[in-house]
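Structural overview for review
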Amino acid sequence: MKRWLRRPWGVLPLGFVVVFAACGDDETTTTPPADDPPEITLNAPTGAVAYALGSTVQISWTATDDGVVTVDISYTADGVSETVIAEEQVADGTFDWTVPNANTYGAKVKVVATDDANQTDEDESASFFAVVDASPRGYVTAETCEDCHQQNYDDLFMKSGHPYKLNKVEGGPPTFPMGTSPGVPNPPTGFTWNDITYMIGGYGYKARFMNSDGYILTTGVEGTETQYNLPRPDLGTGLPAEWVDYEGAASVPKPYTCGSCHTTGWQTFADNGGVNQDGLEGIIGTWEETGIRCEECHGPGVNTIAAGGGHVVSQSAAEINRDPTAELCGGCHFRDTNHNVLASGGYIKHHEQYDELINGGKNTFNCTQCHDPHVGIRYDQGGIVMQCEDCHTSVTLNHIPGPECEDCHMGRASKSARAVHLYEGDIRTHLFTIDTDSLKTKDDMFFLDPTSGDTHTNPYITLDFACYTCHNDGGTPPNGGTFSAKTRGELAQRAIGIHN
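To start, this report covers the structure provided alongside it. Note that the coordinates shown come from a computational prediction; the quantities given were computed from them, not determined experimentally.

**Digging into the overall build of the protein chain**
Across its full length, the protein chain carries 13 helices and 23 strands. Over its C-alpha trace the protein chain gives a radius of gyration of 35 Å, far above what one expects of a compact globule, namely 23 Å for 500 residues. In terms of its C-alpha atoms, the protein chain occupies a principal-axis envelope of roughly 135 × 60 × 45 Å. A separation threshold of at least 6 residues defines the contact pool for the protein chain, and within that pool the share at least 24 residues apart is 57%. Carbon and sulfur atoms form 51% of the exposed surface of the protein chain, whose accessible area is close to 26,100 Å². Side chains of the protein chain carry 29 positive and 68 negative charges; the gap between the two charge centres is 8 Å.

What follows is the structure, given as structure tokens:
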């Protein structure tokens, strides 16, 4: 006879059921407890970080069921595809995973435990991670941004002028997108492309050059013309390409210190501990990328401090700089720290749009109200997203043939590369007010600041810059456009009632 299972009532093992035998049966039977499914916890990687292409990442996990037979490991990318990493691993363990050698976004690792009853449990990374090469400062380059923002990159941004503020030269002239800059055919006289390390600009207005030591070529040192002005068929009756002097009075090599507005992620010697880009002594600092590219405005794509690891890792718009204010653009589009508008040689200096807005009474404007920051305005790319009449709905023009608003109120009073004539530079001003006083000439726009010794600009343009782009002054020879000659008195009189 089998021994009865003797336990105090109420302390039977959980899951056991006592079956009492029928009368005359001397046996007692028990039902074994149900087999619980396994439980597994992924310990690493938890996400919110970027791994370098082809690097090794340790995956670790813990399973709590003694009956776990195998653990399978996989990863997903962008929440769509699932790729097996390893199969039939031990219950508690680690696996050294060589991550993909290609950019991978929105990735998570998943572990699946299977026990001896073929029951499963799984766990995955708590947050996304990315596989992408990032610099020590978290920069990933514009080409990485292209992976997700291809239209903005290819069709818009890379056809604008920003990426070409500085161009690496590798044995030949830098190239530009089809239909934009015609390019620069040759370096200055006496130099070959093998002598040039970088070309400054070359997209819309002019190009300058850096020698094999990273110094900017100047006419004073080299004894030859060192600035190439691109052709401007859109100005005057058409301006051909030309070579001109640049800093003819220079007597020593000119170092390159312009990276804060010509490169992405610029660091001065004070920032980087005295490192020269590419080891070239003429470049006083370093950069992450040449030209103004995505991360100069939007910030580094990877951020190990941020909760989500940065925009490239989390894919969250909250983890990227999206500053629409004029101050962002104004970080480069200014010249004077006090935001006075500087002038030289009878024209406003270039890249002072932010200073002009401040002084011209439009300091409440944000640049993106009128401009798409990803689209250029040179070569008819359509970067203007709002027209003057969108705000000035009740203003009409009493002038035939009718010029556009910007022809008068944004006259080309600024000069980057060259002037068309006495009253026209090659860049439109953002001083919108016109002083119609017939006694004021363009010279009255400018005045010398005795404290700084700089020439400043008053917050308006004169009739010279507003009208003589089209008309001419009737002088000998006449200066201005090809339309009828007008005196300033006639221009002032015509300005009365110009807007009905």
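Next, the rest of the story.
**Focus: the packing of aromatic side chains**
Per the counting criterion, the structure on display carries 16 aromatic pairs. Ring centres of Tyr-203 and Tyr-379 lie 5.3 Å apart, and the angle between their planes is 85 degrees; this geometry places the pair in the edge-to-face category. Remark: Tyr-379 occurs in the loop between helix H9 (353-359) and helix H10 (388-391) and Tyr-203 occurs in the loop between strand S11 (198-201) and strand S12 (206-210); sequence separation between them is 176 residues. Tyr-203 gets classed as buried once you look at its relative accessible area, which sits at 6%. What makes Tyr-379 partly exposed here is its relative accessible area of 23%.

**Description of the side chain of Gln-353**
Positionally, Gln-353 belongs in helix H9. Aside from chain neighbours lying at most four places away, what touches Gln-353 is His-333, Ile-427 and His-430.

**Looking at the pairing of strand S3 (residues 56-63)**
Sheet topology places strand S1 (residues 40-44) next to S3; four bridges connect them, and they run antiparallel. Among the inter-strand pairings, Leu-42 is bridged to a residue of S3, identified as Trp-61. Relative to strand S6 (residues 93-98), S3 runs antiparallel, the two sharing six bridges. Bridging from a neighbouring strand, Ile-59 pairs with Phe-95 of S6.

**What to know about the sheet that holds strand S17 (residues 343-344)**
Taken in spatial order, the three strands make up an open sheet running S17-S18-S19, and their pairing is mixed. Edge positions in the sheet fall to S17 and strand S19 (414-415), since each of these pairs with one other strand and no more.

**Remarks on the pairing of strand S8 (residues 120-124)**
Look at any regular strand and the pattern is simple: side chains alternate between the two faces of the sheet. Bridge analysis of strand S7 (residues 104-115) against S8 gives five bridges, and the strand direction is antiparallel. Directly across from Val-112, in S8, lies its bridge partner Glu-122. The antiparallel hairpin formed by S7 and S8 contains four residues in its connecting segment, where Asn-118 sits at a positive phi of about 65 degrees.

**Things to note about the sheet that holds S3**
With antiparallel pairing, three strands are arranged side by side in an open sheet as S1-S3-S6. Of all strands in the sheet, those bounded by a partner on one side alone are S1 and S6. The mean angle between the axes of side-by-side strands here comes to 25 degrees, regardless of whether they run parallel or antiparallel.

**Some details on the nonpolar core**
Note on soluble globular proteins: their nonpolar side chains tend to be buried together. Residues Ile-59, Ile-73, Ile-85, Trp-97, Val-109 and Val-111 are the most contacted members of the largest nonpolar core, which totals 22 residues. Secondary-structure elements contributing two or more residues to this core are S1, S3, strand S4 (68-77), strand S5 (81-89), S7 and strand S9 (129-131). Element by element, the count of residues in this core is highest for S4, at five residues. If we skip the residues at most four places from it in the chain, Ile-73 touches Ile-59, Trp-61, Val-84, Ile-85, Ala-86, Gln-89, Phe-95, Val-109, Lys-110 and Val-111.

**Observations regarding the pattern of salt bridges**
Going through the model one piece at a time under the given rule, you end up with 13 salt bridges. The residue Arg-137 makes a salt bridge to Glu-288 at a minimum N-O spacing of 3.2 Å. Highlighted residues: Arg-137 in the loop between S9 and helix H1 (142-146) and Glu-288 in the loop between helix H5 (269-272) and strand S16 (289-290), separated in sequence by 151 residues. Classification of Arg-137 as partly exposed rests on a relative accessible area of 32%. Given the relative accessible area of 24%, Glu-288 is considered partly exposed. Where salt bridges share partners, they join Arg-232, Asp-234 and Arg-378 into one cluster.

Analysis parameters
- Residues numbered from 1 in each chain as written.
- Predicted model: local features only at pLDDT ≥ 70, side-chain atom pairs only at ≥ 80, totals over all residues.
- Heavy atoms only, no water.
- Helix = DSSP H or I, 4+ residues; strand = E, 2+ residues; numbered from the N terminus.
- Rg over C-alpha atoms; globule rule 2.2 N^0.38 Å.
- Contact = heavy atoms within 4.5 Å.
- Areas by Shrake-Rupley, 256 points an atom, 1.4 Å probe, with all protein chains shown as cover.
- Lys, Arg positive; Asp, Glu negative; His and termini not counted.
- Charge placed at Lys NZ, Arg CZ, Asp CG, Glu CD.
- Phe/Tyr/Trp six-rings, centres within 6.5 Å; stacked < 30°, edge-to-face > 60°.
- Buried < 20%, exposed > 50% of the residue type's maximum accessible area, 1.4 Å probe, protein only.
- Pairing = 2+ DSSP bridges.
- Axes fitted to C-alpha atoms, helices over the stretch in contact; angles between N-to-C directions.
- Core = buried A, V, L, I, M, F, W, Y, C linked by side-chain atoms within 4.5 Å.
- Salt bridge = Lys/Arg side-chain N within 4 Å of Asp/Glu carboxyl O.

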